[in-house]
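# A closer look at the structure
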Amino acid sequence: MLLSSVITEKASLTNVEWSGDKISKITFNGFLDLDSDGTIDTDSVSYTQQYTYGNLGKLTLISENRTVFRRAAPVPPSTTLTLCCFCKNKIYL
């Protein structure tokens, strides 16, 4: 079994496992253009595709597991009021 790793845009990583002339598995971790607008999205995608071959070497099944990690909309910074208390002890005799 051989493994090749390819680093693409935005530090996305694709691993391809193969033996001879047959790919057995592709694993991708990174960023894709999920909404097809021409720009890479900030949502992270992880998927694995497993390739299964029959007795005659013909591809019979491709199975895929995919997870999309959506980034939440940015929260505007809040304004906080910081109170500083200074205490001074006085002793009266």
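Predicted model, so just to flag it, every value in this text is computed and none were measured.

### Description of the overall build of the protein chain
Helix and strand counts for the protein chain come out as 0 helices and 5 strands. In the protein chain, the succession of α and β elements from N to C terminus is β-β-β-β-β. A buried classification covers 16% of the 93 residues belonging to the protein chain. Intrachain contacts of the protein chain at a sequence separation of at least 6 include 20% that bridge at least 24 residues. As displayed, the protein chain has an accessible area near 7900 Å², and 57% of this comes from carbon and sulfur atoms.

### So, the side chain of D43
Tracing the chain through its elements places D43 in the loop between strand 3 (22-31) and strand 4 (44-53). A relative accessible area of 13% places D43 in the buried class. Of note is the side chain of D43, whose polar atom sits 3.0 Å from the side chain of R70. Sequence-distant contacts of D43, defined by excluding residues within four places in its chain, comprise G30, F31, V68, F69, R70 and R71.

The rules behind each value
Throughout this document, residue positions are counted from 1 along each chain, in the order its sequence is written. Totals for whole chains, interfaces and linings use all residues, but because this is a predicted model, local features are given only for residues with pLDDT of at least 70 and pairs of side-chain atoms are given and counted only at 80 or more. Excluding hydrogens and water, the side-chain figures rest on all heavy atoms present in the structure. The numbering of helices and of strands both runs from the N terminus, where a helix is a DSSP run of H or I of at least 4 residues and a strand a run of E of at least 2. Each residue gets one of three labels from its accessible area relative to the maximum for its type: buried under 20%, exposed over 50%, partly exposed in between, using a 1.4 Å probe on protein chains only. Only heavy atoms matter for contacts: two residues are in contact if any of them lie within 4.5 Å across the pair. In these tables, accessible area is a Shrake-Rupley quantity obtained with a 1.4 Å probe, and a residue counts as shielded only by the protein chains included in the view. Under this definition, polar contacts are N or O atom pairs within 3.5 Å; protein pairs additionally need one hydrogen-donor-capable and one acceptor-capable atom, and for neighbouring residues in sequence, both atoms have to be side-chain atoms.

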